[in-house]
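# Chain and residue survey
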Amino acid sequence: AKKVAVTDASTGIANRSNMEMALINEFERSKRYNAPLSVIFLDIDNFKDVNDTYGHQKGDDVLVAVASLVQKFCRTNDVAARYGGEEFLMLLLLQFVRIAFKIAERVREEVMKITFFGNEWPFSVTVSCGVTELNKDFMKNTEQLVATADQALYDAKNGGRNKTIIGHPENK
């Protein structure tokens, strides 16, 4: 029963409440030891279209595939979670934003290579990513850390999707 509480039932990776606990713990640890901490906010592009065109079962297949890729690119101490409907969050411990950007780009590129079949037709999906690093001068809590990555994700979506953008808190 414990596993159900911390994992997302559909994808098997951490759920939002588990991620929020990890965020708080790692945020504090990162500040205390002055260690880098980065997050990747990832969202499946046009996910509603997948559900509408191929059905919710196919949508679930896409979620599971993206979740397993996100998990694959996490190291042992990193945390990957399903954060919302088609949103995933990766918490990268002791990682600078330039490395997080490269990881996000690898995930993005790998997602595009996956072929799904819906209504006998092959299709693929893309993801948009927002990346940021803890900046103690501008970020006082985990909400600000996530909000900065979320704003970068929003910029990636508005900038044409299927891209990764680095968010900077001082731009807010």
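Everything below is about the structure shown above.
Summarised in this report is the structure supplied together with it. Not measured: the values here are computed from a predicted model. (Residues numbered from 1 in each chain as written. Predicted model: local features only at pLDDT ≥ 70, side-chain atom pairs only at ≥ 80, totals over all residues. Heavy atoms only, no water.)

### Digging into the packing of aromatic side chains
The line we're drawing: Each Phe, Tyr or Trp ring, with Trp reduced to its six-membered ring, pairs with another whose centre is within 6.5 Å; inter-plane angles below 30 degrees give stacked pairs, above 60 give edge-to-face pairs, and intermediate values give tilted ones. Numbering goes from the N terminus for both helices and strands, where a helix is a DSSP run of H or I of at least four residues and a strand is a run of E of at least two. Burial classes: relative accessible area under 20% of the type maximum marks a residue as buried, over 50% as exposed, and values in between as partly exposed (1.4 Å probe, protein chains only). Each ring is checked for a lysine NZ or an arginine CZ that lies within 6 Å of its centre and within 35 degrees of its normal; such an atom marks a charge sitting over the ring.
The tally for this structure, following the rule as stated, stands at 3 aromatic pairs. Ring centres of Phe41 and Tyr83 lie 5.4 Å apart, and the angle between their planes is 90°; this geometry places the pair in the edge-to-face category. One end of the pair, Phe41, is in strand S1 (residues 37-44); the other, Tyr83, is in the loop between strand S2 (79-82) and strand S3 (87-93), with 42 residues separating them in the sequence. Each of the two residues, Phe41 as well as Tyr83, counts as buried. Across from the ring centre of Tyr83, 4.0 Å away, lies the NZ or CZ of Arg16, which sits over that ring.

### Notes on the side chain of Glu105
Under the convention used in this document: Polar contacts, as used here, are pairs of N or O atoms within 3.5 Å; protein pairs need one atom able to donate a hydrogen and one able to accept it. Residues neighboring in sequence count only if both atoms are side-chain atoms. Should any heavy atoms of two residues lie within 4.5 Å, those residues are counted as being in contact.
Structurally, Glu105 is set in helix H5 (residues 97-113). You can call Glu105 buried: its relative accessible area is 17%. Here Thr164 takes part through its side chain, which lies 2.7 Å from a polar atom of the side chain of Glu105. Here Glu105 is in contact with Lys163 and Thr164, once residues within four sequence places are set aside.

### Quick notes on helix H2 (residues 16-33)
This is how the line gets drawn: For a helix, the expected span equals 1.5 Å multiplied by the number of residues minus one.
Its 18 residues give H2 an end-to-end C-alpha distance of 25 Å, which sits within 8% of 26 Å, the value for a rise of 1.5 Å per residue. Of the surrounding secondary structure, the elements contacted by the buried residues of H2 are S1, S2, S3 and helix H6 (142-158). Directly after H2, the chain includes Asn34, whose backbone phi takes a positive value near 55°.

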